[in-house]
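Now for the letters of each chain:
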Amino acid sequence: MLTAVNTAHGSADATIAVSVGVRDLSPRDLPACTWAGSATHLRHVAAELTRAAAGEVDYLAVCTPADLPVAIGGVDYAVSENAGTLWQLAVLPALQSCGLGTLLIRGAEERIRGRGLRRAELAVEESNSRARALYERLGYVAYGRAPDGWDMEGPDGVIRRHETMCVLMRKDL
């Protein structure tokens, strides 16, 4: 259950509770996921859905009763031996800090345990203190650092390489 407070003119005037669920992301969901990234990013997600169909990864969506994704993310089973690696985790910006990221991560951890694995891993950009605080609250512990990079599409449509340093984190399940 997602609970949010709607404010108007600086005062709380309503509380809204919405049931959400976790399911597999499907190609038909991608047009509703433009909040998660650029067209280039969504093409990468579409490619990962092909891997999901082959059983190499799980790609999950937290959805509203209208079946609209409000959080998405994957678990890759080929990155680290005996672990599932969480990646591409994203929550609709207007609904961040409402528990959707926690629900998404718990759903991913359930999938990892379902494959008989007992460890989850992830990498978070050093500059993303908000996400790192969430992961730490959920029991993830830093164990190292590594450079990472990916292609990003700018508002002008030009693709640029984003280079960053990530904190590596893991959790025993």
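In this report, the structure presented in the accompanying data block is examined. (Residues numbered from 1 in each chain as written. Predicted model: local features only at pLDDT ≥ 70, side-chain atom pairs only at ≥ 80, totals over all residues. Heavy atoms only, no water.)

**As for helix H2 (residues 100-114)**
For H2, with 15 residues, the first-to-last C-alpha span of 21 Å sits near the 21 Å given by 1.5 Å per residue. Of all the positions in H2, only Leu100, Gly101, Thr102, Leu104, Ile105, Gly107, Ala108, Glu109 and Ile112 are classed as buried. Where H2 ends, the next residue or the one after it, Gly116, has phi of about 80°, a positive value. (Helix = DSSP H or I, 4+ residues; strand = E, 2+ residues; numbered from the N terminus. Expected span 1.5 Å × (residues − 1). Buried < 20%, exposed > 50% of the residue type's maximum accessible area, 1.4 Å probe, protein only.)

**Quick notes on the sheet that holds strand S8 (residues 141-153)**
Read across the sheet, seven strands follow the order S3-S4-S5-S6-S7-S9-S8 without closing on themselves; strand pairing throughout is mixed. Both edges of this open sheet fall to strand S3 (21-24) and S8, since each of them pairs with a single strand only. Direction aside, neighbouring strands of the sheet carry axes that sit 30° apart on average. In the packing of H2 onto the sheet, contacts are made with S3, strand S4 (57-63), strand S5 (69-76), strand S6 (84-91), strand S7 (119-125) and strand S9 (159-172), and the angle to S6 comes to roughly 155°. (Pairing = 2+ DSSP bridges. Axes fitted to C-alpha atoms, helices over the stretch in contact; angles between N-to-C directions. Contact = heavy atoms within 4.5 Å.)

**Here's the deal with the pairing of S6**
Across the eight residues of S6, six count as buried, placing the element largely inside the fold. In this structure, S6 lies alongside S7, joined through three bridges in parallel fashion. Across the sheet, the residue bridging to Gly84 is Ala120, located in S7. Handedness of the crossover joining S6 and S7 through H2: right-handed. (Right-handed = clockwise from strand over helix to strand, strands pointing away.)

**With respect to the nonpolar core**
In terms of nonpolar packing, the biggest core is built from 24 residues, with Leu86, Tyr135 and Tyr140 touching the most fellow members. Contributions of two or more residues to this core are made by S4, S5, S6, H2, S7, helix H3 (129-137) and S9. Residues within four places of Tyr135 in sequence aside, it is in contact with Leu89, Ile105, Leu122, Val124, Tyr140 and Met169. Among the nonpolar cores identified, the runner-up in size contains 14 residues, and Ala36, Val45, Leu49 and Ala61 belong to it. (Core = buried A, V, L, I, M, F, W, Y, C linked by side-chain atoms within 4.5 Å.)

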